[in-house]
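# An overview of the molecular structure
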Protein chains: 2
Amino acid sequence: MNPISRRTILATLAAVPALPQLSLATPAWAQAQTTPLAAWNDGPAKQAILDFVSVTTERTSPNFVPPEERIATFDQDGTLWVEHPMYSQVLYCLDRVPAVVAQKPELKDVAPFKAVLSGNREEIAKLSLHDLEEILLATLSGMSVDTFEAEAKKWLDSARHPRWNRLYTELTYQPMLEVLQYLRGNGYKTYIVTGGGQDFVRLYSQRVYGIPPEQVVGTAAGTKYGYDKDGKPFLTKEPKLLLNDNDAGKPEGIHLMIGRRPYAAFGNSTGDREMLEYTGTGVGARLKMLVLHDDAVREYAYGPAQGLPDTKVGTFTQALFDEAKKNGWTVISMKNDWKRIFAFE
Amino acid sequence: MNPISRRTILATLAAVPALPQLSLATPAWAQAQTTPLAAWNDGPAKQAILDFVSVTTERTSPNFVPPEERIATFDQDGTLWVEHPMYSQVLYCLDRVPAVVAQKPELKDVAPFKAVLSGNREEIAKLSLHDLEEILLATLSGMSVDTFEAEAKKWLDSARHPRWNRLYTELTYQPMLEVLQYLRGNGYKTYIVTGGGQDFVRLYSQRVYGIPPEQVVGTAAGTKYGYDKDGKPFLTKEPKLLLNDNDAGKPEGIHLMIGRRPYAAFGNSTGDREMLEYTGTGVGARLKMLVLHDDAVREYAYGPAQGLPDTKVGTFTQALFDEAKKNGWTVISMKNDWKRIFAFE
């Protein structure tokens, strides 16, 4: 990981000493569940999942759902893995800035790039959403799909979260891996529907979540088919946004990429509101769940719904909390509903 | 089917008397294959399919492909079902013109709509690609996804091809249904990758081909998430093209919607060239096949590669034929390679 963004974005987090790598015969998501949802405490959240599966899979149930229609969608950042203090894909993009500027020196003096290169913590903290978008565009387009994949994989295999000193791909929530596995074991096709980059998440979705690349819906830009000097075809990542997979973009993306309304949807922020609403509007039993980050000890606590600071990453507003209550969406308390947070604990 | 387009677009085809509906306990694509590819004559095309499956699925083969990577993509019009004399989705759109004009009377005097409404055969035949696009846009957008689905389903359940007097969904090629089933039986995930509208094809893909909606990649426009007067959310089909799934758009669409390079690809026209090329550029054994419409008796014969008229629908040029030969793509002769064309024969 590039020291510039490490020093700045993650400056408040103390690095812990290296821990031995977790070594498992099978990945966490694929381990046999003798008891379903073992990392969950008994309570309304766990019960909502068990009840939903029961009423949608028992043949005699009035809410039985044919296997081919069993679709469940999961937001990623803050729902399946840690998003604090910053989305890991944004960290990847910040880390890529020096390499991009080396290739396009004219960016050296353009505001957001200059700020990142400066290593000045305050300046980086002041970057606007528009600035970040400019950085994302520059670092995620203009190269071949193959080049992007090689670079991003290298980063994913080396960059570590300073608090746990672990790869980002290790910081998945054990209880959610169990939900994915439990739903799949009951005939559900599990999808990631993320505001993150589709091409980025597809690189590790199978390994980390047991979700194949074709079941990842994310923010997506176009590609352009062309030929190299030897006439070999390849795809170039273009700076042309096709799908902004946040807010209303989530149901729109689900329609585009899946073409069916989900029966279950999981999120953790206002960006997931429309996905849960769209899911809930379907007939029959529908499961709508929101992860609340209220565990400052084992993970983090943030968001206005708890009267805590809005960290601008995974914002859980009071309005979302009220809407969940009104619509019968289940709020998962990380503190109370989860026995364990991570597989490595 | 609306008499206007019937008289005009299909004017040269003699309608045959109604035949009894085909009634099958299981759909054609799902029938057990005691002998694989029974509707195929022995020959190089059938052998290419058998060899490909054998070398990619036998564990000891150097070209073994892990099950999760087994992706096969199929063009639809002219590859899986009849496209002559006109793509059935275009016929649907022409049939929708009176209803669209009834709602937007100002279109009555706009050139392409006027031509369709006139019923004047010569004028309709003269419609340019741009005119057709204007008609497609007007008839495929501006309504809710639910309304579109209801209207298109009604059409699919009633419109008939004049030559066989059968629903369009019955005019699938039995040998290709067998290939789909044979590949799936060997762990391949089968996808449709069509220049046709994604939302249109998804309405019948499961029933007709055994391919679920989420495995249909097609020309796609955006949708917009909004609310009706009771606050219920719904998606509106927008006149905003996201993916033109023809030519280079096919590999681009495959990357967007699947994210993996196919191991097998089937097409029948220049619009499928890049998909086959992209498939063929991958390492290991890759199956690339093109259906040649050379059976004027049982189906149709057309295309410049045979010195026959270019009907502008599914054009198979001499250049494509030469490229297939050069690159080792297999050309399927409907006349020689297929024992039967349709399931109902």
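Sequence order as written defines the numbering, with residues in each chain counted from 1. Starting at A for chains and at 1 for ligands, labels are handed out in the order in which the entities are written. Where totals are concerned, whole chains, interfaces and linings use all residues; where local detail is concerned, this predicted model gives features only for residues with pLDDT of at least 70, and gives and counts side-chain atom pairs only at 80 or more. Hydrogens and waters are ignored; side-chain quantities use all the structure's heavy atoms.

### Side note on helix α4 (residues 111-118) of chain B
Within α4(B), burial applies to B:P112, B:F113, B:A115 and B:V116. Projected down its long axis, α4(B) shows its buried positions confined to an angular sector of 160 degrees, all on one face. Relative accessibility under 20% of the residue-type maximum defines a buried residue, over 50% an exposed one, and the middle range a partly exposed one, all with a 1.4 Å probe and only protein chains included. Numbering of helices and strands starts at the N terminus; helices are DSSP runs of H or I of at least 4 residues and strands are runs of E of at least 2. To be clear, the arc concerns the directions from the helix axis to the C-beta atoms.

### Points about empty space enclosed by the protein
Taking a probe equal in size to a water molecule and rolling it over the atoms shows the remaining empty space. Put plainly, a pocket is an open set of points on a 1 Å grid over the protein atoms alone with protein on both sides within 12 Å along at least five of seven lines, a cavity is a set where a 1.4 Å probe fits but cannot get out, and a lining residue has an atom within 4 Å of a point. Grid points are joined across faces, edges and corners, and a volume is the space filled by probe spheres set on the points. If you walk through the whole model with that rule in mind, you get one cavity of 30 Å³ or more. Taken as a whole, the largest cavity encloses approximately 50 Å³ of empty space. Around the largest cavity, the lining residues are A:K189, A:Y191, A:E214, A:Q215, B:K189, B:Y191, B:E214, B:Q215 and B:M257. Secondary-structure elements contributing two or more residues to the lining of the largest cavity are β4 (189-197) of chain A together with β4 (189-197) of chain B.

### Considerations on the confidence of the model for chain A
Residue and element names in this part refer to chain A. Taken over all residues, the pLDDT of chain A has a mean of 91, while the share at 70 or more is 92%. Confidence scores here are pLDDT values: one per residue, from the predictor, ranging 0 to 100. The criterion used for residue contact is that any of the two residues' heavy atoms lie within 4.5 Å. Below a pLDDT of 50 lies the segment residues 1-24, which in the model reaches 59 contacts outside its immediate sequence neighbourhood of four places, other chains included. Overall fold confidence for the complex sits at a pTM of 0.92, while the interface term, ipTM, reaches 0.91.

### Details of the pattern of salt bridges
Between Lys or Arg on one side and Asp or Glu on the other, a salt bridge is scored when a side-chain nitrogen of the former is within 4 Å of a carboxyl oxygen of the latter. Under the counting rule described, the total for this entry stands at 29 salt bridges over all chains. A salt bridge links A:E214 to B:K189; the nearest nitrogen and oxygen atoms lie 2.8 Å apart. Linking A:E214 in the loop between α10 (205-209) and β5 (216-227) with B:K189 in strand β4, this pair reaches from one chain into another. Residue A:E214 is classed as buried on the basis of its relative accessible area of 8%. Two residues, A:E214 and B:R260, come together in a salt bridge whose shortest N-O distance is 2.8 Å. Of this pair, A:E214 sits in the loop between α10 and β5 while B:R260 sits in the loop between α11 (249-257) and β7 (264-267), on two different chains. Given a relative accessible area of 13%, B:R260 falls into the buried group. When salt bridges that share partners are traced, they join A:R273, A:E274, A:E277 and A:E323 into one network.

### Quick notes on the packing of helix α3 (residues 88-103) of chain B against α4(B)
Residue and element names in this part refer to chain B. Interhelical geometry of α3 versus α4 gives an angle of 110 degrees and a closest axis separation of 10 Å. It follows that α3 is roughly perpendicular to α4 by the angle criterion. When α3 is examined against α4, the residues L94, V97, P98 and V101 are found in contact with a partner set consisting of F113, V116 and L117. Residues are sorted three ways: Asp, Glu, Lys and Arg are charged, Ala, Val, Leu, Ile, Met, Phe, Trp, Tyr, Cys and Pro are nonpolar, and all the rest, Gly among them, are polar. The residue inventory of the contact of α3 with α4, partitioned by class, reads seven nonpolar, no polar and no charged. A fitted line through C-alpha atoms serves as each axis, taken over the contacting stretch for helices, and the angle formed by two N-to-C directions is quoted from 0 to 180°. For this classification, under 35 degrees means roughly parallel, over 145 means roughly antiparallel, 65 to 115 means roughly perpendicular, and everything else is oblique.

### So, the packing of aromatic side chains
Planes of paired rings set the category: under 30 degrees apart is stacked, over 60 is edge-to-face and the rest tilted, where pairs are Phe, Tyr or Trp rings (Trp by its six-membered ring) whose centres lie within 6.5 Å. The full count for this structure, using the stated rule, is 38 aromatic pairs over all chains. The interplanar angle of 10 degrees and the centroid separation of 4.9 Å between the aromatic rings of A:F342 and A:F344 together place this pair among those described as stacked. One exposure class covers both A:F342 and A:F344, and it is buried. Through pairs of rings, three or more aromatic residues link up here, namely A:W81, A:Y92, A:F148, A:W155, A:Y168, A:F200, A:Y204 and A:Y209. By definition, being over a ring means that NZ of Lys or CZ of Arg is both within 6 Å of the ring centre and within 35 degrees of the ring normal. Against the face of B:Y300 rests B:R163, its NZ or CZ located 4.9 Å from the ring centre. Directly above the aromatic system of B:F148 lies the positively charged group of B:K237, at a separation of 4.4 Å from the ring centroid.

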